[in-house]
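Spelled out from the first residue to the last, the chains are:
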Amino acid sequence: MDDAAGLRAVLPPVPEAETGSPGSPCAYAALRADGPVTRARLPEGDPVWLVSRHDDVRRALADPRLVRPVIATWPPREGEQWPRRVLTLLELNGADHARVRGAVAPAFTPRRLQDLEPRVRALAEDLTADLVRQGPPGDLVAGFTEPFPLRVLCAFLGIDHTGFAAVAEHIETVLQATRVPLGKTLAALDALRDHAAALVDACARGGGDGLLARLAATPAHEGGLGHEDLVSVTISMLMAGYRTNVQHFGAALVTLLERPGLVRRLRERPGEIPGAVEELLRHVPLMNAIVVLVATEDLDIGGRRIREGEAVMPVIASANRDGDAFERADEFDPGRDPNRHLVFGRGPHYCPGGHLTRMELRIGLETLLARLPDLRPAEPTERLAWNEDSPLRAPLRLPVLW
Ligand code: HEM
């Protein structure tokens, strides 16, 4: 056995989410205490440094010496030469990243998102009205947490949501890039690229008020983007802005429904929903071990030496439950203030979709609580089935009564 194979054989696996849960809070609590920067192996055997404390995760995410690898070339495989094709915002760095990010960022400000708010509310009302027509009981996953984020994202981008099923599978494959053979990821990236290119062409021809049509209509001298950049933006949004919200909303509703007193309180005082949304973003152990960074030079994190070329995984779900950063970190406290969670990352690649996600969750909760009085689980939540195969875990069904 060579050194690398020997190392892989002795490393513990990266903690998987606990069965029936979106994350692994217990495993990460142990790591924060006993090995806050420690080596582990991914399902395909590749070694990574797991970083689990809030302070270290916060620094690592914004450290310019740690870059997001090109998806099509990571994890590297001996003898396999893949083209270094950059397809998403996350893979861009420096001036290239700033140029593309600068073109899309204005669309994500709270002020600009106000224009979208009536559409988002109408989508939430339509889906809730369907639930009311068909039930109770009803399934909040099929009836709300799956379709709502998709329709909001499509409204934001200005694309038709009905053709989306064809790409959903490829998105899931790319999100699992650290767990599946690279060839499979590359095939999914090719399919996503073709789909995104067709969407960009349709938006450029058809106009409309969505982000893609607006970007396509902006001339280069006014900060507009070329076709390839637009395709890259589209792939980034489809990959980063859909499953994240499906998973988070589903798991967030489970967290809420397990607290009937809180559901009652939020229905009676909707003004407290934004605080609850912020705490749901912190408390649901989303972004388990998803972000991968590669060291471009030797550096120290939390007193451990990381060598150039080694991979680092800052575990955001763990940072968000760190008792050194949050009082009573495992407790759900909708009034928590300040709430310096890291769910949207940090640094130049900080998630641009944070405010859209907040608005979506707020309006979704306001609508569900107002239209489904006495909303409660139809069966004990510990019996719910979760999609155990995906890195972004969500309940498969959420049967409710009202
Ligand atoms: C619960 C919902 C979401 C979570 C937890 C989340 C989390 C994150 C995190 C942690 C990053 C940074 C990754 C890194 O540093 O490597 C990120 C980046 C990104 N997110 Fe989100 N996100 C969410 C929703 C969205 C939405 C709704 C959109 C778009 C509509 C979006 C678009 C993006 C994009 C484009 C990037 C890459 C930014 C760049 O490289 O500059 N995300 N997201």
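Up top is the structure.
On a predicted model such as this, the values are computed, not experimentally measured, just so you know.

Conventions used here
Residue positions within a chain follow its written sequence, with the count starting from 1. Per-residue local features of the predicted model are confined to residues with pLDDT of at least 70, and side-chain atom pairs are confined, for both listing and counting, to 80 or more; whole-chain, interface and lining totals are unaffected and use all residues. The side-chain quantities take in all heavy atoms of the structure and omit both hydrogens and water. Two strands are said to pair when DSSP picks up at least two bridges between them. Going along the chain from the N terminus, every DSSP run of H or I of four or more residues is numbered as a helix, and every run of E of two or more is numbered as a strand. Throughout, a contact is declared for two residues whenever any of their heavy atoms are within 4.5 Å. Orientation is described by axes fitted as lines to C-alpha atoms, over the contacting stretch for helices, and by angles from 0 to 180 degrees between their N-to-C directions. Coordinating N, O and S atoms are those within 2.8 Å of the metal (3.2 Å for Na, K and Ca), and as water is not part of the atoms, a site may appear to have fewer donors than expected. Only protein chains enter the calculation, and the probe is 1.4 Å; a residue is then buried if its accessible area is under 20% of its type maximum, exposed if over 50%, and partly exposed in between. It suffices for a single heavy atom of a residue to lie within 4 Å of a molecule or strand for the residue to be listed as near it. In protein, a polar contact means a hydrogen-donor-capable atom and an acceptor-capable atom, both N or O and within 3.5 Å, with residues adjacent in sequence counting only if both atoms are side-chain atoms; elsewhere, any N or O pair within 3.5 Å suffices. Classification convention: Asp, Glu, Lys, Arg as charged; Ala, Val, Leu, Ile, Met, Phe, Trp, Tyr, Cys, Pro as nonpolar; all other residues, Gly among them, as polar. Note on charges: Lys and Arg go in the positive column, Asp and Glu in the negative column, and His and the chain ends are not counted at all. Salt bridge, as used here, is a side-chain nitrogen of Lys or Arg placed within 4 Å of a carboxyl oxygen of Asp or Glu. Geometry of aromatic contacts follows a simple scheme: Phe, Tyr and Trp rings, the Trp one being its six-membered ring, pair when their centres are within 6.5 Å, and the pair is stacked under 30 degrees between planes, edge-to-face over 60, tilted otherwise. Two thresholds decide whether a charge sits over a ring: the Lys NZ or Arg CZ must be within 6 Å of the ring centre and within 35 degrees of the ring normal.

## Focus on the sheet that holds strand β8 (residues 311–314)
The pairing of strands in a sheet comes from backbone hydrogen bonds and takes either a parallel or an antiparallel form. Across the sheet, which stays open at both edges, the five strands sit in the order β1-β2-β8-β5-β3 with mixed pairing between neighbours. Each edge of the sheet is formed by a strand with only one pairing partner; in this case those strands are β1 (37–41) and β3 (66–67). Bridge analysis of strand β5 (residues 293–295) against β8 gives two bridges, and the strand direction is antiparallel. Paired with L293 across the bridge in β8 is V312. Together, β1, β2 (47–51), β3, β5 and β8 form the strand contacts of helix α3 (residues 54–62), whose direction differs from that of β8 by roughly 125 degrees.

## What to know about the coordination of the iron atom of the ligand
The protein supplies the iron atom of the ligand with one donor atom, C351 (SG), which lies at 2.3 Å. With respect to the element layout, C351 can be found in the loop between α16 (316–319) and α17 (354–371).

## Here's the deal with the environment of R179
Here R179 lies in the loop between α9 (165–175) and α10 (182–206). Judged by relative accessible area, which is 21%, R179 ranks as partly exposed. For the pair formed by R179 and E44, sequence separation is 135 residues and the distance between their alpha carbons is 5.8 Å. Once residues lying within four places of it in the same chain are set aside, the contact partners of R179 are E16, P43, E44, D389 and P391.

## What about the site of the ligand?
Taken together, 28 residues lie around the ligand, and R68, H97, R101, H349 and C351 are the ones closest in. Separating an oxygen atom of the ligand from a side-chain N or O atom of H349 is a distance of 2.7 Å. Those elements that provide at least two residues to the shell around the ligand are α4 (94–104), α12 (227–240), α13 (243–257) and α17. The residue inventory of the shell around the ligand, partitioned by class, reads 16 nonpolar, ten polar and two charged.

## A few points about unusual backbone geometry
Cis geometry marks the peptide bond from G135 to P136; its omega dihedral reads 0 degrees. Its location among the elements puts P136 in the loop between α6 (117–134) and β4 (138–139). Residue P338 is reached from D337 by a cis peptide bond, and omega for that bond is 5 degrees. Following the sequence through the fold, P338 ends up in the loop between α16 and α17. Phi angles above zero are rare outside glycine, and D374 is one such case at about 60 degrees. Along the chain, D374 falls in the loop between α17 and β9 (376–377). Note on D374: relative accessible area 46%, which makes it partly exposed.

## Let's talk about the side chain of R101
Mapped onto the elements of the fold, R101 is located in helix α4. Here R101 occupies a buried position and makes no salt bridge, while the nearest side chain of opposite charge, E91, is found at 13 Å. In this view, R101 contacts L89, P348, H349, Y350, C351 and P352; residues no more than four positions away in its chain are not counted.

## What about the packing of aromatic side chains?
As enumerated under the stated definition, the model contains five aromatic pairs in all. Ring geometry for F108 against F156: centres 4.8 Å apart, planes inclined by 50 degrees, an arrangement best described as tilted. Of the two residues, F108 sits in the loop between α4 and α5 (110–114) while F156 sits in helix α8 (residues 147–157), which places them 48 residues apart along the sequence. There is no split in this pair, since F108 and F156 are both buried. Ring geometry for F148 versus F249: centroids 6.2 Å apart, planes at 70 degrees, classification edge-to-face. With F148 in helix α8 and F249 in helix α13, this residue pair connects regions lying 101 residues apart in the sequence. Residue classification places F148 among the buried positions, given a relative accessible area of 0%. Look at F249 and you get buried, because its relative accessible area is 2%. These aromatic residues form a ring-pair network of at least three members: F144, F148 and F249. Above the plane of the ring of Y242 lies R243, whose end atom (NZ or CZ) is 5.4 Å from the centre. We note R282 situated over the ring of F326; from NZ or CZ to the ring centre the distance is 5.0 Å.

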